[in-house]
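Okay, here's what each chain looks like letter by letter:
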Amino acid sequence: MKILVVDDEPKIQGMLKGRLEMRGHEVFTAVSGEEGLAIVTQQQPQLILLDLSLKGALSGRDVLAEVRKT
């Protein structure tokens, strides 16, 4: 399964990526909302683990709203 982890905290991102890959999933990571949306467009993940309180121009809620449009 293709999974996208969008989180601005490297420790959380790394932990999730490692555990999911150990279970055989293909994992993509993003540190910002903009990067996450780009990966959604390119890779079309089946599951997105999204930090709703992302820092930056796009919050996690903004990313969620954009993903729902697609």
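Here the structure is a predicted model, which is why all the values come from computation and not from measurement.

Definitions and limits used
Residues numbered from 1 in each chain as written. Predicted model: local features only at pLDDT ≥ 70, side-chain atom pairs only at ≥ 80, totals over all residues. Heavy atoms only, no water. Pairing = 2+ DSSP bridges. Helix = DSSP H or I, 4+ residues; strand = E, 2+ residues; numbered from the N terminus. Axes fitted to C-alpha atoms, helices over the stretch in contact; angles between N-to-C directions. Contact = heavy atoms within 4.5 Å. Expected span 1.5 Å × (residues − 1). Core = buried A, V, L, I, M, F, W, Y, C linked by side-chain atoms within 4.5 Å. Buried < 20%, exposed > 50% of the residue type's maximum accessible area, 1.4 Å probe, protein only. Parallel < 35°, antiparallel > 145°, perpendicular 65-115°, else oblique. Left-handed = near helix turned anticlockwise from the far one by under 90°. Nonpolar A, V, L, I, M, F, W, Y, C, P; charged D, E, K, R; others polar.

Student: Explain the sheet that holds strand β1 (residues 2-6) to me, please; I cannot follow it from the model alone.
Tutor: Within a beta sheet, neighbouring strands are joined by backbone hydrogen bonds and run either parallel or antiparallel to one another. Pairing within the open sheet is parallel, and its three strands lie in the order β2-β1-β3. The sheet is open, and its two borders are formed by β2 (26-30) and β3 (47-50), each paired with just one other strand. On average, each strand axis in the sheet is tilted by 20° relative to the strand beside it, whichever way the strands run. For β1 and β3, the ladder comprises four bridges, and the chain directions are parallel. Bridge pairing in β3 places I3 opposite L47. Sitting on the sheet, helix α1 (residues 10-22) touches β1, β2 and β3, and the angle it makes with β2 is about 170°.

Student: Before we go on, may I ask you to explain α1 in this structure?
Tutor: An α-helix turns once every 3.6 residues. As a result, residues three or four positions apart point the same way. Over its 13 residues, α1 runs 18 Å from end to end, which matches the ideal 18 Å to within 8%, given 1.5 Å per residue. Positive phi appears at G24, one or two residues downstream of α1, with a value of about 90°.

Student: Just to check I follow, could you spell out the nonpolar core for this structure?
Tutor: Soluble globular proteins tend to bury their nonpolar side chains together. By size, the foremost hydrophobic cluster in this structure holds eight residues: L4, V6, F28, A30, I39, V40, L54 and V63. For this core, the secondary-structure elements that each account for two or more residues are β1, β2 and α2 (33-43). Ignoring anything within four residues of it in the chain, the contact list for L54 reads V6, D7, D8, V31, S32, G33, S59, G60 and V63.

Student: Would you explain the packing of α2 against helix α3 (residues 60-69) in this entry?
Tutor: Geometrically, a packed helix pair is captured by the angle between its two axes and the distance between the axes. Contact geometry of α2 with α3 gives a least axis separation of 10 Å together with a crossing angle of 20°. Taken as axis vectors, α2 and α3 run roughly parallel relative to one another. Like other packed secondary-structure pairs, α2 and α3 cross with a definite hand, here right-handed. Across from G33, L37 and V40 in α2, the residues of α3 making contact are V63, E66 and V67. Each residue belonging to the contact of α2 with α3 can be placed in one class, and the counts come to four nonpolar, one polar and one charged.

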